Amino acid sequence: QFAQDHQLGPLLDRVAGLRLCVGYPAHRVVKQARYLLNHVGRMIPEMRKIFKHFAVDEDFVYRIGSEDEEIGTIRSDKCKIESEQGSDICSACRSLQQPIEFQ
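Along each chain, numbering runs from 1 in the same order as the chain's sequence is written. Local features are withheld for residues below a pLDDT of 70 in this predicted model, meaning they are given only at 70 or higher, and side-chain atom pairs are given and counted only at 80 or more; totals for whole chains, interfaces and linings count all residues. The side-chain numbers reported here are obtained from all heavy atoms of the structure, hydrogens and water having been left aside.

## Let's talk about the pairing of strand β2 (residues 70-76)
Using a 1.4 Å probe on the protein chains alone, a residue whose accessible area is under 20% of its type maximum counts as buried, one over 50% counts as exposed, and one in between counts as partly exposed. A run of H or I in DSSP counts as a helix once it spans at least four residues, and a run of E counts as a strand once it spans at least two, with each numbered from the N terminus. Counted residue by residue, β2 has five buried out of seven residues, so it is predominantly covered. Examined bridge by bridge, strand β1 (residues 54-62) and β2 share six bridges and lie antiparallel to one another. By the bridge assignment for β2, Val61 is matched with Ile71. At least two bridges found by DSSP between two strands are what make those strands a pair.

## So, the pattern of salt bridges
By definition, a salt bridge exists where a carboxyl oxygen of Asp or Glu is found within 4 Å of a side-chain nitrogen of Lys or Arg. Under the counting rule described, the total for this entry stands at four salt bridges. Glu69 serves as the salt-bridge partner of Arg63, at 3.0 Å between the closest nitrogen and oxygen. Across the pair Arg94 and Glu84 runs a salt bridge, and its minimum N-O distance is 3.5 Å. With Arg94 in helix α5 (residues 91-94) and Glu84 in the loop between β2 and α5, this pair connects stretches of sequence that are ten residues apart. For Arg94, a relative accessible area of 28% translates into the label partly exposed.

## As for the packing of aromatic side chains
Side-chain rings of Phe, Tyr and Trp, where Trp is taken by its six-membered ring, are said to pair if the distance between their centres is within 6.5 Å; with planes under 30 degrees apart they count as stacked, over 60 as edge-to-face, and otherwise as tilted. Under the criterion given, the structure shown has two aromatic pairs. Each ring, one from Phe51 and one from Phe54, has its centre 5.8 Å from the other, and the planes form 65°; the classification is edge-to-face. Each member of the pair, Phe51 together with Phe54, is buried. Arranged with centres 5.8 Å apart and planes meeting at 40°, the rings of Phe60 and Tyr62 form a pair that is tilted. The exposure class of Phe60 is buried, given its relative accessible area of 17%. Residue classification places Tyr62 among the buried positions, given a relative accessible area of 15%.

Coordinates in, geometry out; function isn't part of it.
Structural data, given as C-alpha cells:
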C-alpha cells in the first residue's frame, strides 16, 4: 500500500504493531528442557519423537525487572518469529501448549 500512496501512517502503524515471539522463557522450564535435549540420545525412540518438536533458543536474553539477565527460551521448531496480533507468542509456539496424543 505504501508503494501506491506513499502515506507513512499505515506503514508506521504496521511496524509499531510488530512483536517478536518470545516463546516460553520460564527459566526453570528452559533449564529442564535444555537438560532433556542434551540427553535425548539416552531416551527410547518413542520419546525422542516428542523432543524433536521444540528447541531451546540460547540467543534469547531477557530481564524481569532489575534482576539478573536470563538466557534461553523454548521455541517450536516451526516458530514464526513474529507473534500473533495482540500476543507475545506465535501460533507455532502456542501449539506447544496442546496435549500430545500417543498412538
